[in-house]
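Structural description and commentary
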Amino acid sequence: MNRSLALLVVLLVVAVLGGFFLLKEKPPTGQAPPSPTPTVPRPESYTTGPASRDGIGKFYLGREIAHVMGHQAINWLERDNREAEEAPSAAISALEIQPDDVIADIGAGSGYYTFRLAPLVPRGRVIAIDIQPEMIEFLTNRARGEGVKNVQPHLSTITSLELPPESLDSAILVDVYHEFSHPVEMLASLYSALKPGGRLFLLEYRGEDPEVPIKPLHKMTETQAIKEMKASGLEHVKTLHHLPWQHLMIFEK
């Protein structure tokens, strides 16, 4: 075979193979190519250092994570003067929850907020989430004892809410986010569980205010909270300043 003929054969083979791969990659007729899966911006990694008295020695975006308040503190959560100190009824009235919403009370504890939210969603439900089995047992018994049908106690892990994607209209975190030992993973799980446009209501004791009588690691500044939520892909909508001790910050997916 002369050189010209050999070159012609090679070119024909290349053309045929090229056409084959183009046909293989082309989507079937009438179907649009698949959309890329949206990704949440990846946060900075954790750091470690000497633990302070109330911290675990693990830091996220410069903030040391606080120790978890255990189920032994149920009486403090249910204290009689909580309304006077924190005005939870004023916080709840500002949430603009719809009657058919599915809302997660994350770190529900004794259900102080859970059972105040439940009447607002008569056609929806409140998923009362906690990592402590003792709290889940308490919530279950309380719901049964009070005859509340739209409260769903739900045991999560320290890294995942264990909820289906886009199953929540909103979520509320009351004075608990600062205790998450794995905030990156938990916020990623929350982001997945929220529907598009779903909202997070974040309540934290004001870290900027030395007059708020709470240990420093159990408070957060507004700037720090916004930075951490933004790293997870949640956009800051607004902050309400009408509560005695807490920021009420609203974020959206």
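Please read all numbers here as calculations on a predicted model, not as lab measurements.

Criteria and cut-off values
- Residues numbered from 1 in each chain as written.
- Predicted model: local features only at pLDDT ≥ 70, side-chain atom pairs only at ≥ 80, totals over all residues.
- Heavy atoms only, no water.
- Helix = DSSP H or I, 4+ residues; strand = E, 2+ residues; numbered from the N terminus.
- Buried < 20%, exposed > 50% of the residue type's maximum accessible area, 1.4 Å probe, protein only.
- Contact = heavy atoms within 4.5 Å.
- Areas by Shrake-Rupley, 256 points an atom, 1.4 Å probe, with all protein chains shown as cover.
- pLDDT = per-residue confidence, 0-100.
- Phe/Tyr/Trp six-rings, centres within 6.5 Å; stacked < 30°, edge-to-face > 60°.
- Lys NZ or Arg CZ within 6 Å of the ring centre and 35° of its normal.
- Arc of directions from axis to C-beta.
- Salt bridge = Lys/Arg side-chain N within 4 Å of Asp/Glu carboxyl O.
- Polar contact = N/O pair within 3.5 Å; in protein donor to acceptor, adjacent residues only side chain to side chain.
- Pairing = 2+ DSSP bridges.
- Axes fitted to C-alpha atoms, helices over the stretch in contact; angles between N-to-C directions.

1. Concerning the overall build of the protein
Each helix and strand in the protein was counted, giving eight helices and 10 strands. Across the 253 residues that make up the protein, the buried fraction comes to 45%. Nonlocal contacts in the protein, meaning residues at least 24 apart in sequence, comprise 67% of its contacts between residues at least 6 apart. For the protein, the accessible area works out to roughly 13800 Å², and carbon and sulfur atoms hold 58% of it.

2. Overview of the confidence of the model for the protein
Taken over all residues, the pLDDT of the protein has a mean of 86, while the share at 70 or more is 80%. Contacts from residues 4–41, a stretch scored under 50 in pLDDT, to residues over four places away or in other chains number eight contacts.

3. Observations regarding the packing of aromatic side chains
A full pass over the atoms with the stated rule returns four aromatic pairs. Ring geometry for Y46 against Y60: centres 5.7 Å apart, planes inclined by 65°, an arrangement best described as edge-to-face. Within this pair, whereas Y46 is found in the loop between α1 (3–25) and β1 (47–48), its partner Y60 is found in strand β2 (residues 55–60), the two being separated by 14 residues in sequence. Judged by its relative accessible area of 0%, Y60 falls in the buried class. Stacked on the ring of Y46, the Lys or Arg K58 has its end atom at 4.1 Å from the ring centre.

4. Describing helix α8 (residues 222–231)
The complete set of buried residues in α8 reads Q224, A225, E228, M229 and A231. Relative to the axis of α8, the buried residues are bounded by an arc of 160° and lie together on one face. Turned more than 90 degrees off the buried face of α8, the exposed positions are T223 and K230. Residues of α8 that are buried sit in contact with β2, β3 (63–66), α7 (183–193), β8 (194–205) and β10 (246–252). G233, located one to two residues past α8, shows a positive phi value of around 100°.

5. Things to note about the environment of M186
Checked against the element boundaries, M186 lands in helix α7. With 29 residues separating them along the chain, M186 and T157 place their C-alpha atoms 8.9 Å apart. Those residues in contact with M186, other than ones at most four positions away along the chain, are T157, I158, T159, S160, L161 and F180.

6. Regarding the pattern of salt bridges
Summed over the entire model, instances satisfying the criterion amount to nine salt bridges. The shortest N-O distance in the salt bridge between E86 and R82 comes to 3.1 Å. On the criterion of helical spacing, the pair formed by E86 and R82 is a turn pair, its members being four residues apart in helix α3 (residues 82–86). Comparing E86 with R82, the two get one shared label, buried. Taking the shortest distance from any N to any O, the salt bridge between K195 and D169 comes out at 3.2 Å. Taken together, the positions of K195 in strand β8 and D169 in strand β7 (residues 168–174) put the pair 26 residues apart, joining distant regions of the chain.

7. With respect to the environment of E85
Here E85 lies in helix α3. Given the relative accessible area of 22%, E85 is considered partly exposed. Separated by 161 residues in the primary sequence, E85 and Q246 have C-alpha atoms spaced 10.0 Å apart. Beyond its immediate stretch of four places on either side in the chain, E85 contacts R79, P244 and W245. A distance of 2.9 Å separates polar atoms of two side chains, one belonging to E85 and the other to R79. Here N81 takes part through its side chain, which lies 3.0 Å from a polar atom of the side chain of E85.

8. Brief notes about the sheet that holds β8
Sheet architecture is open: seven strands sit in the order β6-β5-β4-β7-β8-β10-β9, paired in mixed fashion. For this open sheet the edge positions go to β6 (151–155) and β9 (235–240), each flanked by a neighbour on one side alone. Across the sheet, the mean angle separating the axes of adjacent strands is 20° when strand polarity is ignored.

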